[in-house]
Amino acid sequence: MLPLTQRLGLRVPIVLAPMAGGVSTPDLVAAVSNAGGLGSVGAGYLKPEQIREAGPAVRRLTPGPFALNLFAPQSAVEPTQAALQRAVSELSPFHTALNLPPPTLPQHVSEDFEAQLEAVLEVGPAVLSFAFGRLNPGHLEALHARRILTIGTATGLEEARQLEADGVDTIVMQGGAAGGHRGGWLADELADTLALTRAAAQTIRVPLIAAGGLMTAADVRAVLDAGASLAQCGTAFLRAVEAGTSAPYREALAKAKAGDTVLTRAFSGRTARGLKNAAIAEIGQPLPYPFQNALTRQMRAAGAATNRADVLSLWAGEGVAQGREGTAAQILESLWS
Ligand SMILES: Cc1cc2nc3c(=O)[nH]c(=O)nc-3n(C[C@H](O)[C@H](O)[C@H](O)COP(=O)(O)O)c2cc1C
């Protein structure tokens, strides 16, 4: 079997982490692919028609390979009226401060995975990566029939074993330092990225991608030496000029110090790592995912539009203070020089 870099035609063993919610613009994805890495489109929140547009938009900017990323289907139980009331009353003061009407749960809380996957198959990217769970054999077969490499996400060894048994081609081992959502589905030990990579390399046969807190060339070198085939970096690219990161988010990132990130379910109902702010401090009884995500959407959009970092999900990893501004190519070069 050829090494992953060769199979994907990469000159640099680095994956731009998929970052749903507007960060991974076609410009950012293409810039990383053009510079020799693997760009990824965070398509988890995109409608099928938006996925059909995003693929060609990246292709217009790069002949290189890229990944689309989805959230694996999950069972979701409708929240009770009482739980909804509690979640609404926690969000209400923020809505009042933003001059928004009181929060309401929209009819449509998440995208239909089957329809998203259909769009991915039509676009035909080099890679489909996914988080939050497993795909069924039919999904994997359809992807493999179109020669799309599959990448699952594990936060521990048992999840990695399950993905390997499913026939997934490659596995992201996500350490506890990672920014954004925790990508697994079993109990999460928030493992050290390097230790997790080393342990997985001893038991998992498929190629591994290490993720979580990788901010420097030394960090990348260390995970490759520990047995990873590629390093996946998210936070390092948040301040790239090509990224869709909003102005208040960028400002908060620039000011962030080591120790400023926390794990929270406040914004989406799923645990994620981001910079502390007022919304995280005040929201203690979120609905489960994806309902809380839908309930907070209006607040987050208004916050981004009115420069209010206190109500935004400021996803960032523990390495945030080492982040820098620059073009994606410059940032990639700082990670692999
Ligand atoms: C803003 C942001 C959004 C993210 N969105 C996704 C996503 O849509 N899908 C996914 O698989 N991982 C997502 N992640 C997690 C990354 O894939 C990766 O695990 C993480 O960025 C690695 O840690 P680092 O941020 O310290 O580099 C996101 C991370 C960030 C920072």
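Predicted, not measured: the structure shown is a model, and the values here were computed from it.

Analysis parameters
- Residues numbered from 1 in each chain as written.
- Predicted model: local features only at pLDDT ≥ 70, side-chain atom pairs only at ≥ 80, totals over all residues.
- Heavy atoms only, no water.
- Helix = DSSP H or I, 4+ residues; strand = E, 2+ residues; numbered from the N terminus.
- Buried < 20%, exposed > 50% of the residue type's maximum accessible area, 1.4 Å probe, protein only.
- Salt bridge = Lys/Arg side-chain N within 4 Å of Asp/Glu carboxyl O.
- Pairing = 2+ DSSP bridges.
- Contact = heavy atoms within 4.5 Å.

For the rest of this paragraph, the subject is unusual backbone geometry. With an omega of 5 degrees, the peptide bond between tyrosine 289 and proline 290 qualifies as cis. Note that proline 290 resides in the loop between α11 (278-282) and α12 (291-295). We note that phenylalanine 132 has phi near 80 degrees; this positive angle belongs to a residue other than glycine. For leucine 190, which is not glycine, the phi dihedral falls at a positive 50 degrees. Here leucine 190 shows up in the loop between β7 (180-181) and α8 (193-203). A relative accessible area of 37% places leucine 190 in the partly exposed class.

Another point: the pattern of salt bridges. Tallied over the entire structure, the rule returns eight salt bridges. For arginine 161, the salt bridge identified is with glutamate 158, shortest N-O distance 3.2 Å. In this pair, arginine 161 and glutamate 158 are both assigned in helix α7 (residues 157-166), three residues apart and thus about one turn of the helix distant. Its relative accessible area of 39% is what places glutamate 158 among the partly exposed residues. The salt bridge partner of glutamate 318 is arginine 273, with a shortest N-O separation of 3.3 Å. Of this pair, glutamate 318 sits in the loop between α13 (297-305) and α14 (328-335) while arginine 273 sits in strand β11 (residues 272-275), placing them 45 residues apart in sequence.

What follows is about the sheet that holds β7. Read from one edge of the open sheet, three strands run β7-β11-β10, paired in antiparallel fashion. The sheet is open, and its two borders are formed by β7 and β10 (261-264), each paired with just one other strand. With four bridges connecting them, β10 and β11 associate as antiparallel partners. Residue valine 262 lies in a different strand from β11, and its bridge partner there is glycine 274.

Glancing now at the environment of glutamine 232. Structurally, the position occupied by glutamine 232 is in strand β9 (residues 230-233). Separated by 85 residues in the primary sequence, glutamine 232 and glycine 317 place their C-alpha atoms 12 Å from one another. Look past the residues within four positions of glutamine 232 in its chain and what remains in contact with it is Val15, Ala17, Pro18, Val172, Ile209, Ala210, Ala211, Gly212 and Leu214.

It is worth spelling out the environment of alanine 258 at this point. Tracing the sequence through the fold places alanine 258 in the loop between α10 (247-255) and β10. Distance in space between the C-alpha atoms of alanine 258 and threonine 235 is 13 Å, their sequence separation being 23 residues.

Both β7 and β11 contribute to a ladder of two bridges, which runs antiparallel. Across the sheet, residue histidine 181 finds its bridge partner in β11, namely alanine 272.

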